[in-house]
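# Fold and contact review
One-letter residues, chain by chain:
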Amino acid sequence: MKRRIKHVTVLGSGIMGSGIAAHFANIGVEVLMLDIVPFELTEAETKKGLTKEDKAVRNRIATENLAKLKKASPALLYAPKFADRISVGNFDDDMAKIKNTDWIIEVVVERLDIKKSVYEQIEKHRKPGTLVSSNTSGIPIHLLTEGRSDDFKKHFAGTHFFNPVRYLQLLEIIPTPDTDPEVVKFYMDYGSKFLGKTTVEAKDTPAFIANRIGVFGIMNLFQNIKKLGLNVSDVDKLTGPVIGRPKSATFRTADVVGLDTLVMVAQGVHQSGSEKEKYLDQFVMPDYIDFMMKNKWLGSKTEQGFFKKVKDDQGKSQILGLNLETLEYELQGKGSFPTLEMTKTIDRPLDRFKVLISGKDKAAELYRKMLGALFAYSSDKVPEISDEIYKIDDAMRAGFGWQNGPFEIWDAVGVEKGIELAKEAGYDVADWVKELAKKDKASFYQVSDEGKKSFFDEKADNYKAIPGQDAFIILDNIRKNKTLWSNSGSAIQDLGDGIINFEIRSKMNSLGGEVLDGLNRAIDLAEEKYDGLVIANQGENFSVGANLAMILMMAIDQDWDDLNMAIAYFQKTMMRVRYSAIPVVVAPHGLTLGGGCEMTMHADKVVAAAETYIGLVEFGVGVIPGGGGSKEFTLRTMKQLHKDDVKNNRLRDAFMNIAMAKVATSAYEAYDMGILQEGKDLVVVNKNRQIAEAKRNALLMAEHGYTQPIQEKVKVLGQNALGMFYVGTDQMLTGNYISEHDKKIADKLAYVMVGGSLSEATEVTEQYLLNLEREAFLQLCGERKTLERIQHMLQKGKPLRN
């Protein structure tokens, strides 16, 4: 029988419970979120004359947490309206409702006795076959089902989400010996396909996989920082993006997660009796951690931890770091490390590790100790926490935000070198790694000519294909053998089955001449020899927009002819995306700004990652969208008008999207903004599946007999509508809501969107609007204020964004 999830009940509405509820609501599932009945009335409830029997009081905890969920920043919901899919209640009055649910997820306090009492209540009302799982991170899973029915045990597992649930991709599935294998398979498949998670089956061991490895790594740094003579700011500089880890690095991560949470996990491992003697000392708290715990310096939740935000004498905010010797806060300058300077020309963090461990300064010493301990510990945990090394790497990427897991990093430095680093750090690697090192061309992973990745299986003493790869296309795995063409900013790969991919590979995936040349080459090639084209990459962001440095240089030199040609080339390329002989599918993700948004809007179909932050943001640097964005919003608005629509109001809404430089906070919000189109474009929650899904859609369109679209005319409103916009911008200026320069930009945008100086509503071509758009863009580039804004943006090193 095919299992469908239409309704989920979440028991517990705290940070994790509400986050899980929000994510199920994100994917269209109806959610009931319950919590305990409050013990006492609040002062406000007493003043209102409420009693403990009133529903508002009894549901207060869940209701208040739903309100917090709605206001969360960053947002937990893909769109505010999705909160309507969540209803609330309490354990005493509403537990009987679980008889109608498909999956019950327990997220109550981390106490075995309380969890067991909740399961007793579940057992009374749950219908046979209903899934039950726990989000516990510290209690052995097998203990939770003691005394439960066989059917309960059969459908029960640990489902360990990571906080924040929307943004961290890991979902650890921890079965018990009684869990039905088919139920385990369902949890794994559903988590990946529907929730968009990297699902990893973990063993029922202390801290499971990600926290076991991740917390060891943090504790190892806690133990070594003072020995190396580094401060907390130094360590965060060395253990963040430079090695492919989040900006929060080590100590800021501890502050965000909460020092108490880290200590709880570390103590759980230490007290479990399962850790080997040689690693036990790493889980003992240093004196400064004990001091911080005693003083409740727990991080963000107590407004001070390893870092503390204060105001200086001028009232400006500054961040102080904790001196671990004096245990006082101080302004810490981040040190300069020659080893880091040596990696500035290396783009991929994975390629930096060989250089980072070769230096002679404290940074290199830190990397050698850190990686040596990580390699030894990770190898030692096979097969204790996982039989397969790829699960450990998957867990660290998805749960801790690492770009590469420990065995991938080990391959980057070399198996033998990793063994050497472990010895230098005072550890011995597992015997199976020593045996692996004896093999010819020893490595933990291999990639076939077809791009399929295999891992070394220590039990089989051989390589095995990583399961489930058919659902993914990983460009790193196919680039070596499937690249058809490349230049300095882009590449074309053969995805198979008659579909090719165009990959943007410039700095920050900005759109300059080399990228446009590549895209035209890709369209030419697809039209000549293939059936369809996908435009996708797997960088951090799809594209931050146009190459601002190029625009600034031309504008300063007043090289208007060349700038005009460059903008015309961009427009022509976007029109080729729209009007080519083959289907073009664009797959945006992350930041998709300015020109990246324009490229997306010109596709035959968009397969967007749910986490796509997309918008036309050119207004923020003093220009209007010049690559077809202004034209496209006008075209879409006028095409979608109905007889009863107020035309000026519809056009005004489109105008405001551009003039306010609005950026959708998810792909679903992009539908509401008119950037994505209902019934045409798709959203995938699992970004890893995005390129495969884009390829499937391109192939489907080709097989259904794709025909090159015919350019349409669009009816523009002319001078009457322009007057309305001018009145609006005059009022905004008078009210001091915008500057003179902002008014100039807004008026130019309005002029384009109404069709220029036409005296009445008139049908025009897309090229007519593109010409107006380009003319306005060039005029604004000549404004001093615009050049100052672009220069300021470049100096800050930020993407084109308001």
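Heads up: the structure comes first, above all this text.
Residues numbered from 1 in each chain as written. Predicted model: local features only at pLDDT ≥ 70, side-chain atom pairs only at ≥ 80, totals over all residues. Heavy atoms only, no water.

### Considering the packing of aromatic side chains
- Throughout the structure, instances matching the rule amount to 35 aromatic pairs.
- Note on Phe-216 and Tyr-279: the rings are 5.8 Å apart at their centroids and 90° apart in plane angle, and the pair reads as edge-to-face. Within this pair, whereas Phe-216 is found in helix α10 (residues 210–228), its partner Tyr-279 is found in helix α14 (residues 277–280), the two being separated by 63 residues in sequence. Tyr-279 matches Phe-216 in its accessibility class, with the two residues each being buried.
- Between Phe-407 and Trp-410 the ring centres are 6.1 Å apart and the planes differ by 15°, which places this aromatic pair in the stacked class. With Phe-407 and Trp-410 both in helix α20 (residues 406–413) and 3 residues apart, this pair spans about one turn of that helix. (Phe/Tyr/Trp six-rings, centres within 6.5 Å; stacked < 30°, edge-to-face > 60°. Helix = DSSP H or I, 4+ residues; strand = E, 2+ residues; numbered from the N terminus. Buried < 20%, exposed > 50% of the residue type's maximum accessible area, 1.4 Å probe, protein only.)

### Digging into a positive patch on the surface
- On the surface, a cluster of positive charge is contributed by Lys-2, Arg-4, Lys-6 and Lys-193.
- By secondary structure assignment, the location of Arg-4 is in the segment before β1 (7–11). (Patch = residues over 30% accessible without salt bridge, like charges linked within 9 Å, V, L, I, M, F, W, Y side chains within 5 Å. Areas by Shrake-Rupley, 256 points an atom, 1.4 Å probe, with all protein chains shown as cover. Salt bridge = Lys/Arg side-chain N within 4 Å of Asp/Glu carboxyl O. Lys, Arg positive; Asp, Glu negative; His and termini not counted. Charge placed at Lys NZ, Arg CZ, Asp CG, Glu CD.)

### Topic: the pattern of salt bridges
- Under the criterion given, the structure shown has 61 salt bridges.
- Linking Lys-154 and Asp-180 is a salt bridge whose minimum nitrogen-to-oxygen distance equals 3.8 Å. Of this pair, Lys-154 sits in helix α8 (residues 150–154) while Asp-180 sits in the loop between β7 (170–175) and α9 (181–193), placing them 26 residues apart in sequence.
- On the accessibility criterion, Lys-154 (36% relative accessible area) is partly exposed.
- With a closest N to O distance of 3.7 Å, Lys-464 and Asp-457 form a salt bridge.
- Exposure remark for Lys-464: the relative accessible area of 40% places this residue in the partly exposed category.
- When salt bridges that share partners are traced, they join Arg-212, Glu-275, Lys-276, Lys-278, Asp-380, Lys-381 and Glu-384 into one network.

### Examining the packing of α10 against helix α18 (residues 362–380)
- Direction vectors running N to C along α10 and α18 enclose 145°, while the axes themselves pass 10 Å from each other. Every pair of crossing elements has a handedness; the one defined by α10 and α18 is right-handed. Note on element contacts: α18 touches α10 through Lys-362, Glu-365, Leu-366, Lys-369, Met-370, Ala-373, Leu-374, Tyr-377 and Ser-378, opposite Arg-212, Ile-213, Phe-216, Asn-220, Leu-221, Asn-224 and Leu-228.
- A class-by-class count of the residues in the contact of α10 with α18 yields 9 nonpolar, 3 polar and 4 charged. (Axes fitted to C-alpha atoms, helices over the stretch in contact; angles between N-to-C directions. Left-handed = near helix turned anticlockwise from the far one by under 90°. Contact = heavy atoms within 4.5 Å. Nonpolar A, V, L, I, M, F, W, Y, C, P; charged D, E, K, R; others polar.)

### Observations concerning empty space enclosed by the protein
- Summed over all chains, the structure comprises 1 cavity of 30 Å³ or more.
- Taken as a whole, the largest cavity spans an internal volume of roughly 30 Å³.
- Considering only residue class, the lining of the largest cavity consists of 3 nonpolar, 3 polar and 3 charged. (1 Å grid on protein atoms, 1.4 Å probe; cavity = no way out; pocket = protein on both sides within 12 Å on 5 of 7 lines; lining within 4 Å. Points joined across faces, edges and corners; volume = space filled by probe spheres on them.)

### Describing the layout of surface pockets
- Put simply, the second largest pocket is a space of about 660 Å³.
- The wall of the second largest pocket is formed by 24 residues, among which Met-1, Lys-2, Arg-3, Arg-4 and Phe-186 lie closest to the centre.
- Looking at which element gives the most residues to the lining of the second largest pocket, the answer is α9, with 7 residues.
- Here the lining of the second largest pocket is built from residues that sort into 9 nonpolar, 4 polar and 11 charged.

### Focus: α10
- A rise of 1.5 Å per residue sets the reference length of α10, with its 19 residues, at 27 Å; its end C-alpha atoms lie 26 Å apart and thus fit the reference within 8%.
- Positive phi shows up at Gly-229, right after α10, with a value of about 70°. (Expected span 1.5 Å × (residues − 1).)

### So, the environment of His-7
- Along the chain, His-7 turns up in strand β1.
- Along the primary structure His-7 and Ala-692 are separated by 685 residues, whereas in three dimensions their C-alpha atoms are 29 Å apart.
- Those residues in contact with His-7 that sit more than four places away from it in its chain are Val-29, Glu-30, Leu-32, Asn-100, Thr-101, Asp-102 and Trp-103.

### Quick word on the environment of Asn-211
- Its location among the elements puts Asn-211 in helix α10.
- A sequence separation of 128 residues divides Asn-211 from Thr-339, and the C-alpha atoms of the two residues are 29 Å apart.
- The residues touching Asn-211, leaving out its near neighbours within four places in the chain, are His-160, Phe-162, Phe-216, Val-265 and Phe-400.

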